[in-house]
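# Residue-level structural notes
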Amino acid sequence: MLKGIAASDGIGIGTVVTVKHQEIKYEPKQVTDKDGEKSRLQDGIKTFLDKTGKLAEEMEKSVNAKDAEIMYGHIAMMSDPFMGQQMEEQIDGGSCAEAAAETVLNMFRDMFAASEDELTRQRATDVEDIKSRLLKILLGIEDTDLGALPANTILVTEDLTPSMTAEMNHDSVVGIVTESGGMTSHSAILSRALEIPAVLSVKDAVSTLAEGSRVIVDGLHGKVLEAPTDQDVAEYQEKQARFLKEKEALKSYIGKESVTADGLHKEVFCNIGNPEDARTAADRDGEGVGLFRTEFLFMDADSIPSEEDQYKAYKKACVALSGKTVIIRTLDVGGDKEIPYMHIPKEENPFLGYRAIRWCLNNPAEYEKQLRALIRANSDTGENLWIMTPMVTSVSEIKAVRSMAEKICEETGLPVPKIGTMIETPAAFVMADVLAKYCDFFSIGTNDLTQYIMAADRGNSKVAYLYNTYDPAVLRALKRIIGCGKDAGITVGMCGEAAADPLLIPLLISFGLDEFSVSPTSVLKTRAEIARWTKDEADRIADAVMKLETAEEVKEYLDSAVSRD
Ligand code: PEP
Ligand code: MG
């Protein structure tokens, strides 16, 4: 049995399909049979055009019209006789087909990248994409087709990226196993959003789990069973049925208010990544959106979305929630969220680097575009859109955001939306009392706050033992942040994954948290957990916990005082 992090609830029983990162590597060689090499190149280009054509047609059918357009653009570029001619000239000079294709495509890429015109510059990314797909064809490297996975697939991969999830046919995947990523990595967040059982950080999963073999993924306990016996399968089918029954029972909370056992009103909001998820949030009975991660909108595009495209997306989310609060976070690029076309240089310490609000305030034209889109969407949908800034470390950052937003509102005559900040850095926690003066609300990002307080990378399995929200250092921070927010009379929410942790819910009730923002699939469970506690009971648990000295002691205490198992 393999062990890892239980990242997404449920049991999956299926067949392994591995997705390996395929490195494009070849030794450039001098060729003598130039005609033979030219026909190898032409065959490669023909296969590229056939494959791309099919992909474009499939995308069109699956209403992915924008991506299909990009594919047709690739076809047009590679069908241009000038392109083939240039490559053949390289072969005449003695290059092999791979080197010829690479040299010419690099030349086009550099030419596009140097352009003054933004749209032309973005074509450099297309050329990079064409290059890697053409080279894979020439080298015979086969990529797993994530859009055509067989039924009952257990996807085994080094890491699950947002682009892989976009390609994947979700209905066929019954389990996910990855070699990296912790509870709050984006692989975990994505698998929970898709309700696919997942176990992450399983050492050597890709080489250990044989392609085509039967395995069981236990996303409840972080276990992967290789070659299960019929008895194992029967036992896990029973566990799966029990899990689904409990999930069914939670439906009695649909349409209910989120209240503690003694009637204190709370709110259970949802975390979403795109406007379509807003529909899911409403369907899952979310009382609002507590975090719309707009970076996914940027990742799904092939260039920075225009103000109009952003406006439409934000408006769509607000309309889907029909008048409920929608908290939209401005671009949180960087860290583990790479957006290739933005060409942000690689850094030694990306989580401590040029990311989120730092990038935005250094690129005011782009940031203004996003703020303007948000301000317009707020004004057009009944003024329930709140703007949230990520990764704030200094009061001057929130002041700068506010003054930019107010200037746009002055120019356009539109109302100023509520503006608040994520509290996810140690500096923001220490300065929470001062920050509260300039914010309409706080939302605690425990995913990052934990990694920064504990100085332990949230995705690094080697330091996962330190990355622990139960650590008294983190709990003290939570208590103080909520206290500062409450003292200033502003709403305090939490949009990190800890908001959905049943063990922490009594503590958060005791500290005074107003709003719990969780994945749409966790709304009912969170509401059920809130309903279990009176404020007095929650206070008693919190008093005991805050006297403890280590994460292990806290976990042990909460396991006995809170856990239902
Ligand atoms: C967080 O850091 O807790 C958070 C909600 O943001 P993200 O996971 O996108 O960094
Ligand atoms: Mg964060």
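This text gives an overview of the structure that appears in the document.

What counts and what doesn't
Residues numbered from 1 in each chain as written. Chains lettered and ligands numbered in written order. Predicted model: local features only at pLDDT ≥ 70, side-chain atom pairs only at ≥ 80, totals over all residues. Heavy atoms only, no water. Helix = DSSP H or I, 4+ residues; strand = E, 2+ residues; numbered from the N terminus. Contact = heavy atoms within 4.5 Å. Expected span 1.5 Å × (residues − 1). Buried < 20%, exposed > 50% of the residue type's maximum accessible area, 1.4 Å probe, protein only. 1 Å grid on protein atoms, 1.4 Å probe; cavity = no way out; pocket = protein on both sides within 12 Å on 5 of 7 lines; lining within 4 Å. Points joined across faces, edges and corners; volume = space filled by probe spheres on them. Nonpolar A, V, L, I, M, F, W, Y, C, P; charged D, E, K, R; others polar. Donors = N, O, S within 2.8 Å, 3.2 Å for Na, K, Ca; no water. Near = heavy atom within 4 Å. Polar contact = N/O pair within 3.5 Å; in protein donor to acceptor, adjacent residues only side chain to side chain. Areas by Shrake-Rupley, 256 points an atom, 1.4 Å probe, with all protein chains shown as cover. Phe/Tyr/Trp six-rings, centres within 6.5 Å; stacked < 30°, edge-to-face > 60°. Lys NZ or Arg CZ within 6 Å of the ring centre and 35° of its normal.

### Considering the environment of Ile387
Inspection of the secondary structure assignment puts Ile387 in strand S13 (residues 385–389). Each C-alpha atom, one on Ile387 and one on Met454, is 28 Å from the other, the two residues being 67 residues apart in sequence. With sequence-adjacent residues up to four places away left out, Ile387 is seen in contact with Ile328, Thr330, Leu371, Leu374, Ile375, Pro417, Lys418, Ile419, Gly420 and Phe441.

### Some thoughts on helix H15 (residues 395–412)
Here H15 spans 26 Å end to end across 18 residues, near enough to the 26 Å set by a 1.5 Å rise per residue. Of the residues making up H15, those classed as buried are Val395, Glu397, Ile398, Val401, Arg402, Met404, Ala405, Ile408 and Cys409. Close packing links the buried residues of H15 with helix H13 (356–362), helix H14 (364–380), S13, strand S14 (418–423) and helix H17 (432–435). Downstream of H15 by a residue or two, Gly413 has a phi angle that is positive, lying close to 75°.

### Topic: empty space enclosed by the protein
Going through the model one piece at a time under the given rule, you end up with 2 cavities of 30 Å³ or more. Taken as a whole, the largest cavity encloses approximately 80 Å³ of empty space. Lining the largest cavity are 15 residues, and of these Arg293, Arg329, Met422, Glu424 and Asn447 lie nearest its centre. Of all the elements in the fold, those that place two or more residues in the lining of the largest cavity are strand S11 (289–293) and helix H18 (446–454). When residues of the lining of the largest cavity are assigned to their parent elements, the largest contribution, 3 residues, is made by H18. Tallied by class, residues from the lining of the largest cavity come to 3 nonpolar, 4 polar and 8 charged. Here the second largest cavity defines a volume of roughly 40 Å³. Only H13 and H14 provide two or more residues apiece to the lining of the second largest cavity. If one sorts the elements of the lining of the second largest cavity by residue count, H14 sits on top with 3 residues.

### Structural notes on unusual backbone geometry
In this structure, Ser322 takes a positive phi of about 30° despite not being glycine. Here Ser322 lies in the loop between helix H12 (307–320) and strand S12 (326–329). A relative accessible area of 61% means that Ser322 is categorised as exposed. The backbone of His343 shows a phi angle near 45°, a positive value even though the residue is not glycine. Assignment of secondary structure puts His343 in the loop between S12 and H13. The exposure class assigned to His343 is exposed, which follows from its relative accessible area of 54%.

### Considering the coordination of the magnesium ion (ligand 2)
Donor atoms from the polypeptide that coordinate the magnesium ion (ligand 2) comprise Glu424 (OE) and Asp448 (OD), at 2.1 to 2.2 Å from the metal. Taken as a pair, Glu424 in the loop between S14 and helix H16 (426–430) and Asp448 in helix H18 lie far apart in primary sequence, 24 residues in all. Note on accessibility: Glu424 and Asp448 belong to one class, buried.

### Quick notes on the site of ligand 1
Lining the immediate surroundings of ligand 1 are 15 residues, of which Arg293, Arg329, Lys337, Asn447 and Arg458 lie closest. Measuring from an oxygen atom of ligand 1, one finds a side-chain N or O atom of Arg293 at 2.8 Å. The separation between an oxygen atom of ligand 1 and a polar side-chain atom of Glu424 is 3.0 Å. Taken by itself ligand 1 offers 290 Å² of open surface, and the protein chains cover 100% of this. Of all the elements in the fold, those that place two or more residues in the shell around ligand 1 are S11 and H18. Per-element tally for the shell around ligand 1: the top contributor is H18, with 3 residues. When the residues that make up the shell around ligand 1 are grouped by side-chain class, the tally is 3 nonpolar, 5 polar and 7 charged.

### Thoughts on the packing of aromatic side chains
Two aromatic rings, taken as a pair, are described by how far apart their centres are and by the angle between their planes. In this structure the tally under the stated criterion is 4 aromatic pairs. Both rings, one in Phe108 and one in Phe112, keep their centres 6.5 Å apart while their planes meet at 50°; by these two values the pair is tilted. Remark: Phe112 and Phe108 occur in helix H4 (residues 97–113); sequence separation between them is 4 residues, near one turn of the helix. Assigned by exposure class, Phe108 and Phe112 land together as buried. Residues Phe292 and Tyr314 carry aromatic rings whose centres are separated by 6.0 Å and whose planes lie at 80° to one another, so their mutual orientation is edge-to-face. Of this pair, Phe292 sits in strand S11 while Tyr314 sits in helix H12, and the two are 22 residues apart along the sequence. Taken individually, Phe292 and Tyr314 each receive the classification buried, so the pair is uniform in this respect. By way of ring pairs, the aromatic residues Phe82, Phe108 and Phe112 are connected into one cluster. Directly above the ring of Tyr236 sits Lys239, whose terminal nitrogen or CZ lies 4.4 Å from the centroid. Sitting above the plane of the Tyr311 ring, Arg376 keeps its charged end 4.0 Å from the centroid.

### Here we look at the environment of Pro502
Tracing the backbone through its elements, the reader meets Pro502 in the loop between strand S16 (491–494) and helix H20 (505–511). A residue is classified by how much of its surface remains accessible, and Pro502, at 22% relative accessible area, is partly exposed. In the structure, Pro502 is positioned 27 residues away from Glu529 in sequence and 6.2 Å away in space, judged by C-alpha atoms.

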